[in-house]
Amino acid sequence: QVQLVDAGGGLVQAGGSLRLSCAASGRTFNNYAMGWFRQAPGKEREFVAGIASGGRTYYVDSVKGRFTISRDNAKNTVYLQMNSLKPEDTAVYYCALKEVVYYYTIYLGLKEYDYWGQGTQVTVSS
């Protein structure tokens, strides 16, 4: 059974940094894309950043220049480095994995992903 375990959330002051991680286990993944989503209280879950199987990345405008997504294929792990955090970044962050065929494609929709982590809370105080 596939499991995604995301971790690294916490409480940080505005302007601070956090690094989230998401480790996939349960089987061997040969070709997959991963994404980070977030859900703030009372809002829908939204796409934040994605990384294609080939390493191409994409970010939502609100985090460009502040967040960096990366992956370690040997460890089946994806990271989200979050710098210059703002109170509006406060949310539960979820990682997601999609087994893919297209090497350079990044997937933006929730329904496109096959597996999800349990979520990790990020709280940014002003």
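Up top is the structure these notes are about.
Residues numbered from 1 in each chain as written. Predicted model: local features only at pLDDT ≥ 70, side-chain atom pairs only at ≥ 80, totals over all residues. Heavy atoms only, no water.

**Quick look at the pattern of salt bridges**
By the definition in use, this model includes five salt bridges. Arg 38 is paired through a salt bridge with Glu 46; the nearest N and O atoms lie 2.8 Å apart. With a relative accessible area of 6%, Arg 38 lands in the buried category. As a salt-bridge pair, Arg 66 and Asp 89 come within 2.8 Å of each other at their nearest N and O atoms. With Arg 66 in the loop between strand S6 (57-59) and strand S7 (67-72) and Asp 89 in the loop between strand S8 (77-82) and strand S9 (91-99), the pair connects residues that are 23 residues apart, well separated along the chain. (Salt bridge = Lys/Arg side-chain N within 4 Å of Asp/Glu carboxyl O. Buried < 20%, exposed > 50% of the residue type's maximum accessible area, 1.4 Å probe, protein only. Helix = DSSP H or I, 4+ residues; strand = E, 2+ residues; numbered from the N terminus.)

**A few points about the side chain of Arg 38**
By the secondary structure assignment, Arg 38 is in strand S4 (residues 32-39). Among the polar contacts made by the side chain of Arg 38, one reaches the side chain of Asp 89 at a distance of 3.0 Å. Setting aside residues no more than four positions away along its own chain, Arg 38 makes contact with Glu 44, Arg 45, Glu 46, Val 48, Ser 62, Val 63, Phe 67, Glu 88, Asp 89, Ala 91, Val 92 and Tyr 93. (Polar contact = N/O pair within 3.5 Å; in protein donor to acceptor, adjacent residues only side chain to side chain. Contact = heavy atoms within 4.5 Å.)

**A short note on the sheet that holds S8**
The strand order across the open sheet built from four strands is S1-S3-S8-S7, with neighbouring strands paired in antiparallel fashion. Of all the strands in the sheet, the pair left with one neighbour each is strand S1 (3-7) and S7. Taking the axes of each pair of neighbouring strands and ignoring which way they run, one obtains an average angle of 15 degrees across the sheet. Pairing between S1 and strand S3 (residues 18-25): five bridges, direction antiparallel. Considered in S3, the bridge of Ala 7 is made with Ser 21. (Pairing = 2+ DSSP bridges. Axes fitted to C-alpha atoms, helices over the stretch in contact; angles between N-to-C directions.)

**A few points about the nonpolar core**
Among the nonpolar cores identified, the biggest contains 29 residues, and Met 34, Trp 36, Phe 67, Ile 69, Leu 80, Met 82 and Tyr 93 are the most heavily contacted of them. Broken down by secondary-structure element, the contributors of at least two residues to this core are S3, S4, strand S5 (46-51), S7, S8, S9 and strand S11 (120-125). Apart from residues lying up to four places away in sequence, Met 34 is in contact with Leu 4, Cys 22, Gly 50, Ile 51, Ile 69, Arg 71, Val 78, Ala 96, Leu 97 and Tyr 113. Membership of the second largest hydrophobic core comes to nine residues, among which are Ala 33, Ala 52, Ala 96 and Tyr 107. (Core = buried A, V, L, I, M, F, W, Y, C linked by side-chain atoms within 4.5 Å.)

**Concerning unusual backbone geometry**
The backbone phi angle of Asn 76 is positive, close to 50 degrees, even though this residue is not glycine. When you line up the elements, Asn 76 lands in the loop between S7 and S8. Its identity is not glycine, yet Ser 84 carries a phi of approximately 50 degrees, on the positive side. Note that Ser 84 resides in the loop between S8 and S9.

**Quick word on the environment of Ile 106**
Along the chain, Ile 106 falls in the loop between S9 and strand S10 (115-116). A relative accessible area of 12% means that Ile 106 is categorised as buried. When the C-alpha atoms of Ile 106 and Ala 7 are compared, they prove to be 22 Å apart, with 99 residues separating the residues in sequence. If sequence neighbours within four positions are ignored, Ile 106 has contacts with Phe 47, Gly 50, Ile 51, Ala 52, Arg 56, Thr 57 and Tyr 58.

**Focus on the environment of Thr 120**
Examined against the element boundaries, Thr 120 turns out to sit in strand S11. Under the relative-accessibility criterion, Thr 120 is labelled buried at 9%. Separated by 64 residues in the primary sequence, Thr 120 and Arg 56 place their C-alpha atoms 24 Å from one another. Other than its neighbours up to four places away in sequence, Thr 120 contacts Asp 6, Ala 7, Gly 8, Gly 9, Leu 20, Ala 91, Val 92 and Tyr 93. Here Gly 9 takes part through its backbone nitrogen, which lies 3.0 Å from a polar atom of the side chain of Thr 120.

Note that all results are geometric; they support no functional claim without further evidence.
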